[in-house]
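# Descriptive analysis of the structure
Each chain is listed here by its residues.
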Amino acid sequence: MKNSAYVGSYRNDFFGEISIIEKDSGLATVQGPKNQTSPMKHYDRDTFTYEVQGENPVVTSGVTFTVGPDGKAAQVVVENLNARGEGAFKRVLAAK
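The paragraphs below set out a description of the structure included in this document. (Residues numbered from 1 in each chain as written. Predicted model: local features only at pLDDT ≥ 70, side-chain atom pairs only at ≥ 80, totals over all residues. Heavy atoms only, no water.)

## Comments concerning the environment of Lys41
Turning to its location among the elements, Lys41 is positioned in strand β4 (residues 36-44). Residues in contact with Lys41, not counting those within four places in the same chain, are Phe48 and Thr49. (Helix = DSSP H or I, 4+ residues; strand = E, 2+ residues; numbered from the N terminus. Contact = heavy atoms within 4.5 Å.)

## Quick look at the packing of aromatic side chains
Scanning all chains against the criterion turns up six aromatic pairs. When the centroid spacing of 4.6 Å and the interplanar angle of 45 degrees are considered together, the rings of Tyr6 and Phe65 count as tilted. Within this pair, whereas Tyr6 is found in the segment before β1 (8-12), its partner Phe65 is found in strand β6 (residues 59-67), the two being separated by 59 residues in sequence. Residue classification places Tyr6 among the buried residues on the basis of a relative accessible area of 2%. With 4.8 Å between their ring centres and 80 degrees between their planes, Phe14 and Phe15 make a pair best called edge-to-face. For Phe14, a relative accessible area of 57% puts it in the exposed group. (Phe/Tyr/Trp six-rings, centres within 6.5 Å; stacked < 30°, edge-to-face > 60°. Buried < 20%, exposed > 50% of the residue type's maximum accessible area, 1.4 Å probe, protein only.)

Here you go:
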């Protein structure tokens, strides 16, 4: 699947907004109050991994997209934010 299927902004009520961007011919996640940008590596199908940076040692986390019938990701689940089920983000549709 092309990177453009995943690129966009995603939001949930608990964590706010994250973005998936194209970076260095791949994808990256941008999240948190400091807009931390982390490159993502393709793992399998619609699943990628990225290295979580912060106070704890570096940990690899999964990022899994659900692609809708239009060929674009409708939702993304960020594994390290999903300990209690709050890690699902829905795509924010651009204003027309």
